[in-house]
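A closer look at the structure
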Amino acid sequence: MIDLKNIVVRFGEFEALHRINVDVKEGEFFTFLGPSGCGKTTTLRTITGFIEPVEGVVSMQGRDITHVPIEKRNIGIVFQSYALFPTMTVRDNIAFGLKIKKMKKDEIDRKVTEIARKVDLTDEQLAKAVSQLSGGQQQRVAIARALVTEPAIICMDEPLSNLDAKLRVNLRNELKKMQREFGITTIYVTHDQEEALTLSDRIAVFNKGYIEQIGTPNEVYNHSATEFVANFIGDINKLQEEITGKLNLPADQVHYIRLERISVCAAENDGKEAVSAGQTVSLDGVIESQEYYGLFIKYTIKTAGQTLKVVEKNDGINIYEPGDRVILRIDPKDIMSY
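Residues numbered from 1 in each chain as written. Predicted model: local features only at pLDDT ≥ 70, side-chain atom pairs only at ≥ 80, totals over all residues. Heavy atoms only, no water.

A few words on empty space enclosed by the protein. Counted according to the given criterion, the structure contains one cavity of 30 Å³ or more. Size it by volume and the largest cavity reaches roughly 80 Å³. Together, Phe29, Ile143, Leu147, Ile154, Met156, Leu175, Met178, Gln179, Phe182, Ile184 and Thr186 line the largest cavity. For the lining of the largest cavity, the secondary-structure elements that each account for two or more residues are α5 (135–147), β7 (153–157) and α6 (165–182). Among the elements that line the lining of the largest cavity, the one with the most residues is α6, at four residues. A class-by-class count of the residues in the lining of the largest cavity yields nine nonpolar, two polar and no charged. (1 Å grid on protein atoms, 1.4 Å probe; cavity = no way out; pocket = protein on both sides within 12 Å on 5 of 7 lines; lining within 4 Å. Points joined across faces, edges and corners; volume = space filled by probe spheres on them. Helix = DSSP H or I, 4+ residues; strand = E, 2+ residues; numbered from the N terminus. Nonpolar A, V, L, I, M, F, W, Y, C, P; charged D, E, K, R; others polar.)

Quick look at the structure:
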């Protein structure tokens, strides 16, 4: 659907993208994830035509569009700021692209009404000025405007970043639902790992103009390809020598484990399982602190010369307090090594 081959982008002497290769499939929700300044928005702008690469090819549906003007790429765009016309009505904002295409008024009205229904905008809201709407409603208008021209793909640059946390979560779910209903290929830019894991079919993790890994949410989280990805996606523990020695792990590598991969039980309930290669290792620990989240509890535990963070499902019964002695269990197969 969208294919980037060896894309290089430079701004003066600075090389912002170093031979980027991405293949987005039709109907896929594909996310560019990474910290600020990593190249994800530059890549998106290269796809949409705002930036022209100095090397490489951008193809869409098998056609080279590297030098095709923005308006001829048939790509819908939702900007971080929404880029709506604040004094125009919602209806006129959505209709703007159709008017540029010189469609007939009755056809424009029909298309605007149809898309408004699909993104849950009422007739009353269509008649209002955009400036009268809430942030969440404005985001729907921006999406409707991008979709009404029936683009081949839609590109979204941090579209939820200006919203408060609760609204962001609600609209995230609606965004995925809409994408599935429309079946439109979507390229999404975010720095929010949770957003990327929740929404995406696949994720490209960017770092300093390079792509560190492309994979499904499960692949980038549970099978992180690089140390950067392991640390950037979610929370993780770096294991020190005393623990890696007990696990018989190579001393010339660094080793990590996700918080939920460590299990905890009360010290008096420990079955003292065997400690050897390929088997679970038991470690004595003391609870230092507890964070209660309802669905789960995050513990900070002192063990084997270091502090580990552990997430346990909240069963309402086995809840540990600071000072409690516990046993931690680690399975070598859950370790990620680099």
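Anyway, onward from the coordinates.
Glancing now at the domain arrangement of the protein. Put simply, an interface is often sized by how much accessible area is lost when its parts join up. Partitioning the protein into structural domains gives domain 1 (2–232) and domain 2 (236–337). Contacts between the two partners involve nine residues from domain 1 and, on the opposite side, eight residues from domain 2. When domain 1 packs against domain 2, the two sides together hide about 660 Å² of surface, and 42% of this comes from carbon and sulfur. Per-residue buried area on domain 1 facing domain 2 is highest for Tyr221, Glu227 and Ala230; these three make up 65% of the total on that side. Put simply, domain 1 and domain 2 have seven residue pairs in polar contact (both at pLDDT 80 or more) between them. For the side of domain 1 that touches domain 2, the elements supplying multiple residues, two or more each, are α8 (217–222) and α9 (227–232). Per-element tally for the side of domain 1 that touches domain 2: the top contributor is α9, with four residues. When its residues are assigned to classes, the side of domain 1 that touches domain 2 shows four nonpolar, four polar and one charged. (Domains from an automatic or database assignment. Contact = heavy atoms within 4.5 Å. Buried area = accessible area lost by both parts, 1.4 Å probe. Polar contact = N/O pair within 3.5 Å; in protein donor to acceptor, adjacent residues only side chain to side chain.)

The next thing to look at is the packing of α5 against α6. With their axes 11 Å apart at the nearest point, α5 and α6 run at an angle of 20° to one another. Relative to α6, α5 is oriented roughly parallel. Judged by the twist between their axes, the crossing of α5 over α6 is right-handed. Contacts between α5 and α6 involve Gly136, Gln139, Arg140, Ile143 and Leu147 on the former and, on the latter, Leu167, Leu171, Glu174, Leu175, Met178 and Phe182. (Axes fitted to C-alpha atoms, helices over the stretch in contact; angles between N-to-C directions. Parallel < 35°, antiparallel > 145°, perpendicular 65-115°, else oblique. Left-handed = near helix turned anticlockwise from the far one by under 90°.)

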